[in-house]
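Notes for the structure review
Single-letter residue listing:
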Amino acid sequence: MSGAHPHGARADGAHQKGTRPPGAHPHGAHPHGARAEPIDPAVAALVASQTPRRDWLGPLLLGLAGTAATAVLLVQLAAGVASVLPPGPRSDGSTALTPSGPAGAVFSPGLAALLLLVAVACTLAADLWVAGGRSAARSRLRTRSAARLGEWNPLLLDRRSVGELVRTVVDASERAAAYRAGFFGPIIAAVAAPVVVLLVMALTVSWPVALILAVLIPLVPLIIVGSQRLFRSASAGYRRSAGQLSGAFYESVQGLGELSLAGAAERRGRTLERLGERNRQQVMRLLAGNQMVILAVELAFGLVVTCAAAGLAAAGLAAGWLDTSQAVAVVLLSVLMTGPVSVVGQFFYIGVTGRAAERQLAELWAEPTGNAPAGTTRPRTEQRGRADQPEPGTDARPGTHREAAALEFRDVTAGYPGGPPVLAGFDLRLGRGERLALRGPSGSGKSTVLALAEKLITPRAGSVLIDGVDLATLSRPEVASRMAIVSQSTTLFSGSIADNLRLAAPDADDSRLWDALAAARLADEVRGFEHGLDQPVGERGLALSGGQAQRISIARALLRDAPLLLLDEPTSQVDLRSEAAIGRSLAELASGRSTLIVTHRPGVLGAGTRTVHLGADADADADGGGA
Ligand SMILES: Nc1ncnc2c1ncn2[C@@H]1O[C@H](COP(=O)(O)OP(=O)(O)OP(=O)(O)O)[C@@H](O)[C@H]1O
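Residues numbered from 1 in each chain as written. Predicted model: local features only at pLDDT ≥ 70, side-chain atom pairs only at ≥ 80, totals over all residues.

This part covers the nonpolar core. If you look at the biggest cluster of nonpolar residues, it comprises 72 residues, and the most contacted ones within it are V75, V197, M201, A329, V330, L333 and L361. Once residues within four sequence positions are removed from consideration, L361 is found in contact with V47, L141, S145, T168, A172, S173 and A176. Grouped together as the second largest cluster of nonpolar side chains are 68 residues, W152, I485, A549 and V598 included. (Core = buried A, V, L, I, M, F, W, Y, C linked by C-beta atoms within 7 Å. Buried ≥ 20, exposed ≤ 12 C-beta atoms within 10 Å, placed from the backbone. Contact = placed C-beta atoms within 7 Å.)

Further remarks concern the sheet that holds strand 9 (residues 610-613). Strand pairing in a sheet relies on backbone hydrogen bonds. The paired strands run either parallel or antiparallel. The parallel open sheet is built from 5 strands, whose spatial order is 6-7-8-3-9. The open sheet has two edge strands with one neighbour each: strand 6 (483-486) and strand 9. The sheet shows a mean angle of 20° between the axes of neighbouring strands, direction not considered. As judged from the 5 bridges shared by strand 7 (residues 564-568) and strand 8 (residues 594-598), these two strands associate in the parallel manner. Directly across from L564, in strand 8, lies its bridge partner S594. Strands in contact with helix 17 (residues 546-560) are strand 6 and strand 7; relative to strand 6, the strand with the most contacts, it is inclined by about 180°. (Pairing = 2+ DSSP bridges. Helix = DSSP H or I, 4+ residues; strand = E, 2+ residues; numbered from the N terminus. Axes fitted to C-alpha atoms, helices over the stretch in contact; angles between N-to-C directions.)

Let us now look at the packing of helix 6 (residues 207-214) against helix 10 (residues 265-319). For the pair helix 6 and helix 10, the least separation of the axes is 11 Å and the interaxial angle reads 155°. With respect to helix 10, the element helix 6 is oriented roughly antiparallel. Helix 10 is crossed by helix 6, and the crossing has right-handed handedness. Contacts between helix 6 and helix 10 pair V209, I212 and L213 from the former with V305, A308, A309, L312 and G316 from the latter. Each residue belonging to the contact of helix 6 with helix 10 can be placed in one class, and the counts come to 7 nonpolar, 1 polar and no charged. (Parallel < 35°, antiparallel > 145°, perpendicular 65-115°, else oblique. Left-handed = near helix turned anticlockwise from the far one by under 90°. Nonpolar A, V, L, I, M, F, W, Y, C, P; charged D, E, K, R; others polar.)

Take unusual backbone geometry next. Most of the time, phi is negative for any residue but glycine, and the peptide bond is trans. Positive phi values are uncommon outside glycine, yet D411 reaches one of about 50°. Looking at where D411 falls in the secondary structure, it is placed in strand 1 (residues 407-415). With 15 C-beta atoms counted inside 10 Å, the residue D411 sits in the partly exposed group. Phi at D467 takes a positive value of approximately 55°, unusual for a residue other than glycine. You can call D467 partly exposed: it has 19 C-beta atoms within 10 Å.

So, about the pairing of strand 3 (residues 435-439). The buried fraction of strand 3 is high, at 5 of 5 residues. By the alternation rule, side chains of strand 3 split into R435, A437 and R439 and L436 and L438, which are all buried. Strand direction decides the pairing type here: strand 3 and strand 8, joined by 4 bridges, are parallel. Counted as the bridge partner of L436 is L596 from strand 8.

Fair warning: the whole summary comes from geometry, so function is off the table for now.
Pasting the structure below:
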């Protein structure tokens, strides 16, 4: 049995029964984000917008400015070199210079030093800009992903591999930020660099040579797009295998104790080894692709441009339409033209994995939350007997004047998507201030009743009402705000006892925490701890006993102070002595609240508890109800 954990995380396995929850993706858990389906462009744009334009535009402009400064610096250096060389011979044997391009540059050491300074400053500033933008983008992506997961229906969360979700939030955010902030600007700057260099060449050296070399520029985007297409499947394979590996690794670490008890650690190790090897092969394929792109760019572009430039410089010099300074400048500038383009190849890996990471994040953000929206209306035939919504706190059924129940199921038929109904024509009424224990054999639908009350699933027919209000008209957070839940296992987070209590009431002062602990029969033990309220509970609360952890969960429920209380086998995991202590604190918690408890030990709530049986032998011990 299980119910929703009061704080969103569920550690139990009761909801891991195969069928996907409402709103889950039609393909079930698509573990690796490697679906071929198109991504919603709006979500993709939202992911991209987490890196504001200035974060990549800055490095892009700085990169271009740096290239331009370096290009002019090279023209200056060429003039300097030419000034110490003898004039070149002309084809007619004379040495007179009649350059065809713009007037040859005059070397100025001051200008050269200034240009050097500008080029270095641009490079440094671009690097700093990239680092800042990247870390800001990473944190924005992680925060948003975590917030998105927080909106998910816990049933949906239970079905996804935790390892993969962690990887998506942490690793994909890192890669996507590296791509947008660290790669986007510099790569566009690199692709545009040849154009800038040619512009400088046309303006300060020789426009005919620049024009001829410009013919080669379209090679760059062609090479890049071609290579990316070529390695698309390697990229998808990499995403898939990396997702599988991290998911399996995370699960193995979590279940290490059970694996070694079952003598299965070695077998599991072999599985991990296999997955690791597959991942290594995928990474190698991707890196091999990366190397091929570098090679292609260097060969197809670098070599061709350098040879063409050298040939043009030699021909121009020989024919006399270039002087020495212009010829040297053409050769130097051709090297500058190819330099940034080789960055394209080196960055290729970041680009491929970054785009894959953005896709992964977009898939996560686009995933339906699995929550039925507020105001969901069912078909008319299923709304019989409910002419209007009753006023909160009243029962609006014709001829009924009694006070609305704290929780009521009216003729409810419910089940899980694709499965048969678990409950059919189910009625249950929990009066205000009443304590009701739900019992029944395994599989009879006790968890399903709690899931309906929490609006984790919605009825196929009939209605569920809290305080007279149909849950169909409320959002899940609104439903959650009306109840406190204690489930069979408690999730505690690293931090102090006070931190864990304040999850339920962030503004509670210490005296309120002590009151809650006292009511949960835990105050004396906490006073005995060295650090009292500030005592660390250890990772996942392991520094506390199961009974203590459960009473912290009860104290949290007390701090929430909700009128409706759902208890899901709250003593199933503790021994008899702890059960007695928990029973007393539960009785305290239940007093004055309407309480529905799923338990095989109804005595834990004390006297006056009505019992309802679910399943084949259904009948009620007290005044009715039952399936
Ligand atoms: N998330 C789910 N997806 C699909 N089917 C489910 C899901 N949860 C429960 N079921 C099915 O619904 C039926 C009732 O299950 P439920 O968990 O409500 O029973 P239960 O009385 O709480 O059982 P137990 O005491 O063993 O926890 C079972 O047949 C179960 O397989």
